[in-house]
Amino acid sequence: MAAGLGTRMRPLTEHWPKPVLPVDGRPVVVTLVHDLAAAGCERIVVVTGHLAEQVEALLRPLPYELRFVRQPPGQGSADAVLRAHAAPPYLVVAADNVFAAGDLVRFARAGAGADGAVALHGEERPPLWLVGRRVHRHLDPLPGRPPYELQDVFRNAIDAGAEVSAIQVGRTRDLTDPVDLMRENFPYLR
């Protein structure tokens with residue numbers, strides 16, 4: 001999911017979409033696409049929105065089977081997933097986090113065959129989900145009103161009897177965490 005407005009990072013995101021901004025000197029969305037491919041994702045759908053042309057131009061040369069889908073602003077994560085028209089099981093990840101080396105592979109393997117899975121790191125829930133068939137059925141129709149959120153889809157699936165695993169992942173790097181960005185990208189400032 002690479003469609004958000006990046007409002008917490010304005011005025012920077014008025015000119016560049018959040019997913020093209022760097023973590024450790026590399027655009028976060030490029031790192032995620034490489035990690036998804038390494039996790040065994042053969043087809044990757046990138047849902048773009050705000051300044052979509054920049055995200056698409058950055059990713060198009062990569063050596064993977066990529067498809068782009070546009071999402072209007074304010075529709076939420078569940079709407080983004082529905083627009084992707086993916087067949088379960090599939091991974092969903094927001095393009096503003098980078099995961100520890102190998103975490104996407106471990107997450108995909110640990111969630112294989114499950115109705116669904118959510119990533120956990122301590123008390124936090126990084127934006128990483130595995131959507132199996134029983135969770136996927138709760139995407140259409142979308143629950144509630146915009147913004148339609150994936151957590152509501154998972155909650156409805158669990159209420160209907162789906163078994164969703166919580167899978168521990170390592171520390172994530174959050175593009176919107178200024179302390180993390182300063183500490184990791186400018187070590188001489190410690």
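Scroll up for the structure.
The rules behind these values
Residues numbered from 1 in each chain as written. Predicted model: local features only at pLDDT ≥ 70, side-chain atom pairs only at ≥ 80, totals over all residues. Heavy atoms only, no water. Helix = DSSP H or I, 4+ residues; strand = E, 2+ residues; numbered from the N terminus. Buried < 20%, exposed > 50% of the residue type's maximum accessible area, 1.4 Å probe, protein only. Contact = heavy atoms within 4.5 Å. Areas by Shrake-Rupley, 256 points an atom, 1.4 Å probe, with all protein chains shown as cover. Pairing = 2+ DSSP bridges. Axes fitted to C-alpha atoms, helices over the stretch in contact; angles between N-to-C directions. Arc of directions from axis to C-beta. Salt bridge = Lys/Arg side-chain N within 4 Å of Asp/Glu carboxyl O. Core = buried A, V, L, I, M, F, W, Y, C linked by side-chain atoms within 4.5 Å.

K.L.:
I'd love a proper account of the overall build of the protein chain, names of residues and values included.
P.N.:
When you go through the protein chain residue by residue, the secondary structure sums to seven helices and ten strands. Counting across all 190 residues of the protein chain, residues that qualify as buried make up 45%. Excluding contacts between residues fewer than 6 apart, the proportion of contacts in the protein chain whose partners are at least 24 apart in sequence is 63%. In the form shown here, the protein chain has an accessible surface area of approximately 10100 Å², with 53% of it arising from carbon and sulfur atoms.

K.L.:
I'd love a proper account of the sheet that holds strand β5 (residues 90-93), names of residues and values included.
P.N.:
Ordered in space as β5-β8-β7-β9, the four strands form an open sheet in which the pairing is mixed. Taken across any chain shown, the strands that pair with only one partner, and hence form the sheet edges, are β5 and β9 (164-168). With direction set aside, neighbouring strand axes in the sheet form an average angle of 20°. With five bridges connecting them, strand β7 (residues 116-120) and β9 associate as parallel partners. For L120, the partnering residue across the bridge sits in β9 and is Q168.

K.L.:
Describe in detail helix α2 (residues 52-59), supporting the description with residues and values.
P.N.:
Residues of α2 that are buried: A52, V55, E56 and L59. Axial view of α2: buried residues confined to an arc of 95°, hence all on one face.

K.L.:
Lay out the pattern of salt bridges with the relevant residues and their values.
P.N.:
Applying the stated criterion across every chain yields a total of eight salt bridges. With its nearest N and O atoms 3.4 Å apart, the salt bridge here joins R134 to D115. Placement of the pair is R134 in helix α5 (residues 133-136) and D115 in the loop between α4 (103-111) and β7, with a sequence separation of 19 residues. R155 is the partner of D152 in a salt bridge, and the nearest nitrogen-oxygen pair spans 2.7 Å. You can see D152 and its partner R155 sitting in helix α6 (residues 150-159), three residues apart, about one turn around the helix. The exposure class of D152 is partly exposed, given its relative accessible area of 22%. By relative accessible area, R155 is classed as partly exposed at 43%. Through salt bridges with shared partners, a single network forms among E53, E56, R60 and R70.

K.L.:
Can you tell me about the nonpolar core, naming the residues and giving the values?
P.N.:
Ranked by internal contacts, the top residues of the largest apolar core, which has 31 residues, are V46, L59, L66, F107 and L128. Counting only elements with at least two residues in this core, the list comes to α1 (28-38), β3 (43-48), α2, β5, α4, β7 and β8 (128-131). Per element, the largest residue contribution to this core is six residues, and it comes from α1. Contact partners of V46, with chain neighbours within four places excluded, come to A2, V55, L59, L66, R67, F68 and V69.

Limitation: the analysis is restricted to geometry and does not speak to function.
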